Amino acid sequence: MRFAKGLETWIKNRLPNSLRDRFNNNKYRYIIRKEKPLDLIVHVGAHYAEDRFFYEELGAKDVLWIEADPNTYKVLQATLDSHPENITRHKIECALVSSVNDNVYEFQRFNGDGASSSIYNAGKIHKERFSEVRETGDVIKLKSKTLHSIMNSHGIDFNQKNKSMLVVDVQGHELSVLEGTGDLISQFDFLKCEVSKVEMYKGGTKFKDLDNFLKNNQFKLSSHPYWRVPDHGDVLYSKYKDY
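Quantities reported herein were computed from a predicted structural model and do not represent experimental measurements. (Residues numbered from 1 in each chain as written. Predicted model: local features only at pLDDT ≥ 70, side-chain atom pairs only at ≥ 80, totals over all residues. Heavy atoms only, no water.)

Asks: Now, about unusual backbone geometry: what can you tell me, with residues and values included?
Replies: Backbone geometry follows two general trends: most residues other than glycine have a negative phi, and most peptide bonds adopt the trans configuration. Residue Pro-37 is bonded to the preceding Lys-36 through a cis peptide linkage, with omega at 10°. Mapped onto the elements of the fold, Pro-37 is located in the loop between helix H3 (28-35) and strand E1 (40-44). Phi at His-47 takes a positive value of approximately 55°, unusual for a residue other than glycine. Along the chain, His-47 falls in the loop between E1 and helix H4 (52-57). Here the phi dihedral of Gln-171 falls at roughly 55°; this positive angle occurs in a residue that is not glycine. Turning to its location among the elements, Gln-171 is positioned in the loop between strand E7 (164-168) and helix H8 (174-179). (Helix = DSSP H or I, 4+ residues; strand = E, 2+ residues; numbered from the N terminus.)

Next up, the structure:
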């Protein structure tokens, strides 16, 4: 079995990117590469902009990165300030995105690089799967903004965009982010989102609720058949096509 698994990995690593992505359970990169160029990408939960090179590969003209934690935001800003200039315009915003403006939330900082930080505490399953990741006890208060108001403040005009994608990775607060997008959610062609079928964060968004919201807004699950959606992981929705 180990030999077979090793042989499978060896073969996959030598395939072109398009075929390698197709063989993976998550078809996100395979689908999005087929749809490039994307004019606009809005990424909520930016962290350190780890996906910036991939977004540039997609031909993005504008990328708006939004990060809640002020400390993480400083690293994000330094990262993009030193990033080589090209046709992609990278914009940044420090904000906790939610369903309404001006709510005050307690933001729980987690250890490591802060990628797991959230307004929610870790649930039992999170603690079991990621035993080394935990709250530090450092809690800061942050005031919320809606994605609708943030996009308006940056002057985003969808009439000048061809294809666009919204990426949401906010450790359990995904549904509130989408609710605060308002009527602008209909302007996105693709939506990539971290989802959980289990309670990774106490009180966090469950996949079934997020899926119902997106189906009501005419999005279709594209990266997985429903029976293969992971307990916790990324999925891609699209507006117009089945893949």
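Asks: Explain the sheet that holds strand E2 (residues 62-67) residue by residue, including any values.
Replies: For sheets, the rule is that strands pair by backbone hydrogen bonds, running either parallel or antiparallel. Taken together, 7 strands build an open sheet; the order of strands is E3-E2-E1-E7-E8-E10-E9 and the sheet is mixed. The open sheet is flanked by strand E3 (89-94) and strand E9 (220-221), the only strands paired with a single partner. In terms of strand pairing, E2 meets E3 through 6 bridges, oriented parallel. Note on E3: the bridge partner recorded for Ile-66 is Glu-93. Across the sheet, helix H5 (residues 70-81) touches E2 and E3, and the angle it forms with E3 is around 165°. Docked against the sheet, helix H9 (residues 207-216) engages strand E8 (190-196), E9 and strand E10 (232-238), running at close to 160° with respect to E8. (Pairing = 2+ DSSP bridges. Contact = heavy atoms within 4.5 Å. Axes fitted to C-alpha atoms, helices over the stretch in contact; angles between N-to-C directions.)

Asks: Can you lay out the nonpolar core for me, pointing to particular residues and giving the numbers?
Replies: Generally speaking, a soluble globular protein has its nonpolar side chains buried in company with each other. In this structure, Val-42, Val-44, Ile-66, Leu-166 and Tyr-237 are the most contacted members of the largest nonpolar core, which totals 31 residues. For this core, the secondary structure elements donating two or more residues are E1, E2, helix H7 (147-153), E7, H8, E8, H9 and E10. Every residue in contact with Ile-66, bar those within four places of it in the chain, is listed here: Val-42, His-43, Val-44, Gly-45, Ala-46, Glu-93, Ala-95, Val-97, Leu-147 and Ile-150. Among the nonpolar cores identified, the runner-up in size contains 21 residues, and Tyr-30, Ile-31, Tyr-55 and Met-165 belong to it. (Core = buried A, V, L, I, M, F, W, Y, C linked by side-chain atoms within 4.5 Å. Buried < 20%, exposed > 50% of the residue type's maximum accessible area, 1.4 Å probe, protein only.)

Asks: Hey, could you go over the sheet that holds strand E5 (residues 104-110) for me, with residue numbers and the actual values?
Replies: Here we have 3 strands laid out as an open sheet, ordered E4-E6-E5, and mixed in their pairing. Each edge of the sheet is formed by a strand with only one pairing partner; in this case those strands are strand E4 (96-97) and E5. The pairing of E4 with strand E6 (residues 135-145) spans 2 bridges and is parallel. Bridging across to E6, Leu-96 finds its partner in Ser-144.

Asks: An account of H5 is needed here, citing residue identities and associated values.
Replies: Taking 1.5 Å per residue as the helical rise, H5 with its 12 residues ought to reach 16 Å, and the 16 Å between its terminal C-alpha atoms agrees with that figure. If you check which residues of H5 are buried, you get Thr-72, Tyr-73, Leu-76, Thr-79 and Leu-80. Down the axis of H5, the buried side of the element spans an arc of 120°, and every buried residue falls inside it. Away from its buried face by more than 90 degrees, H5 exposes Lys-74 and Asp-81. Where H5 is buried, its residues meet H4, E2 and E3. Regarding H5, its N-cap is Asp-69, as a side-chain oxygen of that residue lies 2.8 Å from the backbone nitrogen of Asn-71 further along. (Expected span 1.5 Å × (residues − 1). Arc of directions from axis to C-beta. Polar contact = N/O pair within 3.5 Å; in protein donor to acceptor, adjacent residues only side chain to side chain.)

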